[in-house]
Amino acid sequence: MTSFLVEAYAPGSASIAEIEARARMAANECSRGRAPVRYVRSIYVPADQTCFHIFEGPSVDAVRLASDLAGLSAPRIVEAFEGRGGST
Amino acid sequence: MIGRETEVASVEAFFDATAMLPGALLLEGEPGIGKTTLWKSGVRAARARGFRVIACSPSGSETELSFAALRDLLDDVFGEVESELPAPQRRALAVALLRADPASPRSEQGAIMAAVLGTLRTLARSAPVALAVDDVQWLDAPSAAALTFAVRRLRRERIALLLARRVEREATPPFDLERVFPDRLQLVPLGPLSLGAIHALVHARLGVVLSRPALRRLHELCGGNPFYALELARALGQGVIRLEPGEALPRDLRELVGARLTGLPEQTQTVLALAAAASRPTTPLLEAAWGEETSAALEPAVVAQVVEVEGVEVRFGHPLLAAAAYALVRPRDRRDLHRRLAAVAEGVEERARHLAQASELPDEEVASAIEEGAKVAFRRGAPAAAAELAGQARQLTPGPNEKKARRRGLMQAESLFEAGDTGQAAALLDELIKRSPVGLERAGLLSRQARYRHFGEDAGAGVELLRLALAEAGDDPSLRTEIEEGLAWGLLLMRRDLPAAAAHARSAVRFAKQTGDQAALAEALAAQALTEFVLGHEAAAPMERALELESATLHLRVLRHPSFAYGYLLSCADELHRARDVFLHLHGRAGDHGDESALAPILNHLAFVRLLGGAWDEAERLLDEAYTIALQSGQGPSQASILSKKALLKARRGLLAEARGFAGHALELSAGPAFEVARPQRALARGGETAIWTLGFIELSRGNPAEAHRHLGPLQETLMGAGIEEPGELRFLPDEVESLVALGRLEEARALVTWMDQIARRLGRPSALAGAHRCRGVVAAAGGDMRSALAALEQARTEQERVALPFELGQTLLALGKAQRRAKQRAAARETLQRTAAAFERLGALGCAETARSELGRIGGRTPSGGSLTPTERRVAELVAEGHSNKQVAAALFVTTKTVEGNLSRIYAKLGIHSRTELARRMMREAPTSKL
């Protein structure tokens, strides 16, 4: 499974918790179908009214499907690589 | 709407809060920031909530076209409301909306404004109304003025204003909204969009996806401006720019938009410029102006989304595109475009506007056409637009045509005056007068200048100008009518040389008959009637004739209608009911015509009629209303006159300190801080006459006859010296007689009374006869001849009872009662003085009532007891102590409850008590009381 970064417009009134919940539900919905998609996490940048979501899935199309299902207004979906973080 | 969720919520909440109406919401921001999109969303929200929406979106090219915006707003609803509007307003609005041709030569600006207000109110009766205006900064001036007038007068109507305005620097909200709706004006500034919103926008509209660096660069360049962002994204998509570091990019939005247009074929650019120059571009108009088919030329612009063509209407995607299309063309070519549009323009005014922009050099044919446009604009009720066009016509008049240039200058001045810009009108006239040779034309300019600069402010200077004009006017009938009439009014206003005023008025009538102008004749006859009237001459014939011709004057300002003079004559001649009817009718007429300048003077006269008739509460209310209007419209002499009447009313009520305050203020307004009692002329010319009378009355009431005479003596000398013999102009004379009597100057008093008597007998007028008899009685009593005094005062009573002037009746009865007491006719005196006190109390003249009660108390040597209570107070105290309510006491004594309350306050204060119980205890200690 490949990681993808979904860059979506999130207006000020949006609740990050609600967006996360929708993203998770959409990913689960897609997984019940033919394209398994896993929601990983989101990072919200209020100043830019932008939310970055990390999904794992087989392709951009599969992730776009999940993102559309979640109602994310996502102009951009690109392949991404995550570092391992603070653990050694 | 991407990026405007908060603003959309604000707009929707505004339309949800109908309890807060009337109110306004103003969207503001720089060009391209998204105001129109949000405004349109607001319009949809209003409709969805059941609002009746009337909307307009003026463009930059319509700013100079009179009432263009009003037509967009009201044309569709005119049929619905026209039957609810008074006829003058209906006609005037129809002309403004180009549904009818102007029928009168004067500007109907006032009637149009009143019609707009009436229309909004009518619509709001059946559903809340949303008045939506996009790009408010481009409203044409006459429409803006009419809307401002209407908005200022909204009170509880369910009307919501949704406005959008381009703001490039700080500016006050339109329509005087900050003052009119201090708590109900919402300002919604539209700021830049966020990075995320910009990205969502370009993706949604153009399908463009940007890398993070490119997005950052684009956002930085456009500053969050959505229109700019879309233009950049479009240019990016076309490969015109790449948004790479170090790349040379367009400096600003204008350059970017311009670059978009320069990429179009030359023919397309030219047709776009033509469309931008036209106020309402349509394909037939463009083809007629261009001379050939335009669809093919417009096609590339349609594909590039610069314009869209809906049916025959051609609309630019954004005003910035129109501005850019116009700016791309060279000035020489722009003039050619305007020339083509002038050739096919339908309206005279529109043609004039295009010609003005097409012409660089003076050209008589062009100047003449623009002058025609000015005339049409004036007659349609757009004097500001007419002034602008007349000014352009003047500038384009070729050098040798000096006379035509001056004529156009005069038209410009007249239009400026009509539009309310008196200062500029007067300044322009000064310039024209300097350039005019001595003769007929200059006489006309001088006459106009007298009216603009001086009447209302300095009648003396106005009269001097008119005398100069008269010397140069020759025998031209129109001009002589105007000048002679002006002199008649001027001298009348100044209260100077009234015989000359009457001679000028008669001359005006002679010349007016030669012109065949019925309106001018009606005005001249009214001037003749008034001047003859104040001289004590017969005035019925000219007044009747003037009234017969009144219908010819209805297009003039209401104060110039003969009825106004007639109302005044009636009020002097004891015909108070008829005077009231006339002024009420004129008030309605002024409202129907939207003639605000007439309201304060009419209400002032109406108030005085009610004051004389004893309806003092109503008079006070009318004076307050008149003063508010006069203050708002800056009518100085009207303010002074109104305050003078207020002073008199307060003085008659016995509120002497307040009266003095109002009189002082009135004199300051009319004569400035340097008012001299011995030289009252300036005050007389500017509404201060009644203030001087009031100050004299106050001094007399306070027992200061010397001070009273100091005010009233010069007043009498000035007015009688001017030739005035109309008692209605000299109502203060009885007070002057009393002052002279109190000063022991009986010979002077007798001479004045003889004069008053002669006038009164000649006129046969009851109030004048009553005044003369009363004064004769007072003088006789002072001389010790009680028999003659009583006879004269009885005659005064008889005459006074024939007319409804309750205060004067009270004064007559008081004088009679005093004389009867002095003549030891105790029973008669008691009855007269009781009647007097009751009459004054009914009126609310508490000071005079107190005087009557004091006189009553002196009959039979009775002295007040119970802590110096007056007889009235004693009676009230007795009845209250017996347990009667204030209402019962009032009924028993034939006075008002208010009077009883006033008496009780004084009783408590004098006896040092605080309750009815205490009063009852106190009275029980004294003599037994009477029963109700």
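Since this is a predicted model, take the numbers as computed values, not measurements.

Conventions we followed
- Residues numbered from 1 in each chain as written.
- Chains lettered and ligands numbered in written order.
- Predicted model: local features only at pLDDT ≥ 70, side-chain atom pairs only at ≥ 80, totals over all residues.
- Heavy atoms only, no water.
- Helix = DSSP H or I, 4+ residues; strand = E, 2+ residues; numbered from the N terminus.
- Buried < 20%, exposed > 50% of the residue type's maximum accessible area, 1.4 Å probe, protein only.
- Contact = heavy atoms within 4.5 Å.
- Areas by Shrake-Rupley, 256 points an atom, 1.4 Å probe, with all protein chains shown as cover.
- Pairing = 2+ DSSP bridges.
- Axes fitted to C-alpha atoms, helices over the stretch in contact; angles between N-to-C directions.
- Salt bridge = Lys/Arg side-chain N within 4 Å of Asp/Glu carboxyl O.
- Buried area = accessible area lost by both parts, 1.4 Å probe.
- Polar contact = N/O pair within 3.5 Å; in protein donor to acceptor, adjacent residues only side chain to side chain.
- Nonpolar A, V, L, I, M, F, W, Y, C, P; charged D, E, K, R; others polar.
- Parallel < 35°, antiparallel > 145°, perpendicular 65-115°, else oblique.
- Left-handed = near helix turned anticlockwise from the far one by under 90°.
- Core = buried A, V, L, I, M, F, W, Y, C linked by side-chain atoms within 4.5 Å.
- pLDDT = per-residue confidence, 0-100.
- Phe/Tyr/Trp six-rings, centres within 6.5 Å; stacked < 30°, edge-to-face > 60°.
- Lys NZ or Arg CZ within 6 Å of the ring centre and 35° of its normal.
- Expected span 1.5 Å × (residues − 1).

Let us look at the overall build of chain B. Helix and strand counts for chain B stand at 48 helices and 7 strands. For the C-alpha atoms alone, the extent of chain B along its principal axes is close to 115 × 75 × 50 Å. Within chain B, buried positions represent 57% of all 932 residues. Put simply, 65% of the contacts in chain B that link residues at least 6 apart link residues at least 24 apart. Carbon and sulfur atoms make up 51% of the accessible area of chain B, which amounts to about 39300 Å² in all.

Moving on, we get to the sheet that holds strand β1 (residues 2–9) of chain A. Residues and elements named next belong to chain A. If you trace the 4 strands from one edge of the open sheet to the other, you get β2-β3-β1-β4, paired in antiparallel fashion. The sheet terminates laterally at β2 (38–45) and β4 (73–79), the two strands that pair on one side only. If you compare each strand with its neighbour and ignore which way they point, the axes differ by 20° on average. Across 7 bridges, the pairing between β2 and strand β3 (residues 50–57) is antiparallel. Among the inter-strand pairings, R41 is bridged to a residue of β3, identified as I54.

On to the pattern of salt bridges, then. Evaluated as defined, the whole model comprises 82 salt bridges over all chains. For R557 of chain B, the salt bridge identified is with E418 of chain B, shortest N-O distance 3.5 Å. Residue R557 of chain B is located in the loop between α28 (540–548) and α29 (562–572), and its partner E418 of chain B is located in helix α21 (residues 402–418); the two are separated by 139 residues in the primary sequence. Judged by relative accessible area, E418 of chain B falls into the buried class, the value being 17%. A salt bridge links R506 of chain B to E532 of chain B; the nearest nitrogen and oxygen atoms lie 2.7 Å apart. Linking R506 of chain B in helix α26 (residues 498–515) with E532 of chain B in helix α27 (residues 518–534), this pair joins segments that are 26 residues apart in sequence. In this structure R506 of chain B comes out as partly exposed when scored by relative accessible area, which is 35%. Through salt bridges with shared partners, a single network forms among E7, D48 and R76 of chain A together with R212 and R216 of chain B.

Before going further, it helps to examine the interface of chain A and chain B. Taken residue by residue, the interface counts 12 residues in chain A and 16 residues in chain B. In this assembly, chain A packs against chain B so that about 1000 Å² is buried in total across both faces, 52% of it on carbon and sulfur atoms. Taken as a group, Y9, D48 and P75 of chain A account for 51% of the area that chain A buries against chain B, more than any other trio of residues on that side. For R212 of chain B, the salt bridge is made with E7 of chain A, and the minimal N-O distance between the two is 2.7 Å. At the surface where chain A touches chain B, the tally comes to 9 residue pairs in polar contact (both at pLDDT 80 or more). Mapped onto the side of chain A that touches chain B, the elements with two or more residues apiece are β1, β3 and β4 of chain A. For the side of chain A that touches chain B, the element with the highest residue contribution is β4 of chain A, accounting for 4 residues. Class assignment of the residues belonging to the side of chain A that touches chain B gives a composition of 6 nonpolar, 3 polar and 3 charged.

Right, let's get into the packing of helix α17 (residues 331–344) of chain B against helix α18 (residues 348–358) of chain B. All names here are of chain B. Running from N to C, α17 and α18 cross one another at 155°; their axes reach a closest spacing of 8 Å. Between α17 and α18, the crossing angle belongs to the class labelled roughly antiparallel. Every pair of crossing elements has a handedness; the one defined by α17 and α18 is left-handed. Each of R335, H338, R339, L341 and A342 in α17 lies in contact with α18, whose residues at this interface are R351, H354, L355, Q357 and A358. In terms of residue class, the contact of α17 with α18 is built from 4 nonpolar, 3 polar and 3 charged.

On to the nonpolar core, then. Residues and elements named next belong to chain B. Judged by nonpolar contacts, the single largest core of 141 residues is most densely connected at L498, I602, L715, F732, V737, M756 and F807. Residue contributions to this core peak at 10 residues, all from helix α31 (residues 599–612). Beyond its immediate sequence surroundings of up to four residues, F807 is in contact with W616, R652, F697, F840, L843, A845 and C848. Listed in part, the 65 residues of the second largest apolar core include L70, V136, F181 and L185.

This part is about the environment of T872 of chain B. Residues and elements named next belong to chain B. Relative to the elements of secondary structure, T872 occurs in helix α45 (residues 871–881). The exposure class of T872 is buried, given its relative accessible area of 7%. Separated by 85 residues in sequence, T872 and R787 place their C-alpha atoms 30 Å apart. If we skip the residues at most four places from it in the chain, T872 touches E841, R853 and N903.

Mean pLDDT over chain A stands at 86; residues scoring 70 or higher make up 94%. For chain A, β4 of chain A is the element with the lowest average pLDDT, namely 85, and β3 of chain A is the one with the highest, namely 93.

All names here are of chain B. Along the chain, L328 falls in helix α16 (residues 319–328). In this structure, the C-alpha to C-alpha distance between L328 and A259, residues 69 residues apart in sequence, is 9.8 Å. Each residue touching L328, except ones within four places of it in the same chain, is listed here: G258, L261, T262 and Q269.

All names here are of chain B. If you walk across this open sheet you meet the 5 strands as β2-β3-β4-β1-β5, and the pairing is parallel. Each having just a single partner strand, β2 (52–56) and β5 (185–189) make up the two edges of the open sheet. When strand polarity is set aside, the average angle formed by the axes of neighbouring strands in this sheet is 15°. As paired elements, strand β1 (residues 23–29) and β5 share 5 bridges and run parallel to each other. Residue pairing for β5: A24 is matched across the bridge by L185.

Moving on to unusual backbone geometry. All names here are of chain B. Note that the residue after L21, namely P22, is joined by a cis bond; omega there is 0°. The residue P22 is located in the loop between α1 (5–16) and β1 in this model. Of note in this structure, D176 is not a glycine but carries a positive phi near 60°. Tracing the backbone shows D176 in the loop between β4 (159–166) and α8 (177–180). Among the residues examined, D176 registers a relative accessible area of 25% and is labelled partly exposed. The backbone of F894 sits at a positive phi, close to 60°, despite the residue not being glycine.

Below, the discussion takes up the packing of aromatic side chains. Think of a pair of aromatic rings as described by two things: how far the centres are apart, and how the planes are tilted against each other in angle. Residues and elements named next belong to chain B. Following the criterion strictly, the structure yields 8 aromatic pairs over all chains and no others. For the pair F15 and F51, a centre-to-centre distance of 5.1 Å together with 75° between the ring planes defines the contact as edge-to-face. Of this pair, F15 sits in helix α1 while F51 is found in the loop between α2 (35–48) and β2, placing the two residues 36 residues apart along the sequence. An identical accessibility class is assigned to F15 and F51; each is buried. Three or more aromatic residues joined by ring pairs make a cluster, and in this case those are W616, F697, F807 and F840. Lying over the aromatic face of F149, R153 brings its terminal NZ or CZ to 3.7 Å of the ring centre. In this structure, K645 packs its charged tip against the face of F608, placed 5.4 Å from the ring centre.

Residues and elements named next belong to chain B. It is the contact of α1 with α2, at a shortest axis distance of 9 Å, that shows an interaxial angle of 35°. Seen along the crossing, α1 lies across α2 with a hand that is right-handed. For the pair formed by α1 and α2, the contact residues are E7, V8, V11, E12 and F15 on the first element and L38, S41, G42, A45 and A46 on the second. Among the residues forming the contact of α1 with α2, the class breakdown is 6 nonpolar, 2 polar and 2 charged.

All names here are of chain B. Residues of chain B with pLDDT of at least 70 account for 98%, and the chain-wide mean is 91. Of the regions scoring below 50 in pLDDT, residues 862–866 engages in 7 contacts with residues more than four places distant in sequence or in other chains. This complex was scored by the predictor with a pTM of 0.79 and an ipTM of 0.86.

All names here are of chain B. With 14 residues, α2 ought to run about 20 Å at 1.5 Å a step, and its terminal C-alpha atoms sit 20 Å apart, in line with that. The set of residues buried in α2 consists of K35, L38, W39, S41, G42, V43, A45 and A46. Tucked inside the fold, the buried residues of α2 contact α1, β1, β2, β3 (129–133) and β4.

Below, the discussion takes up helix α19 (residues 364–379) of chain B. Residues and elements named next belong to chain B. When the terminal C-alpha atoms of α19 are compared, their 23 Å separation across 16 residues agrees well with the 22 Å that a helix rising 1.5 Å per residue should span. Listed in full, the buried residues belonging to α19 are V366, A367, A369, I370, E371, G373, A374, A377 and F378. Considering only its buried residues, α19 is in contact with α18, α20 (383–395) and α21. A distance of 2.9 Å separates the backbone nitrogen of E365 from a side-chain oxygen at the start of α19, and that oxygen is part of D363. Of the residues trailing α19, G381 is marked for its positive phi of about 95°.

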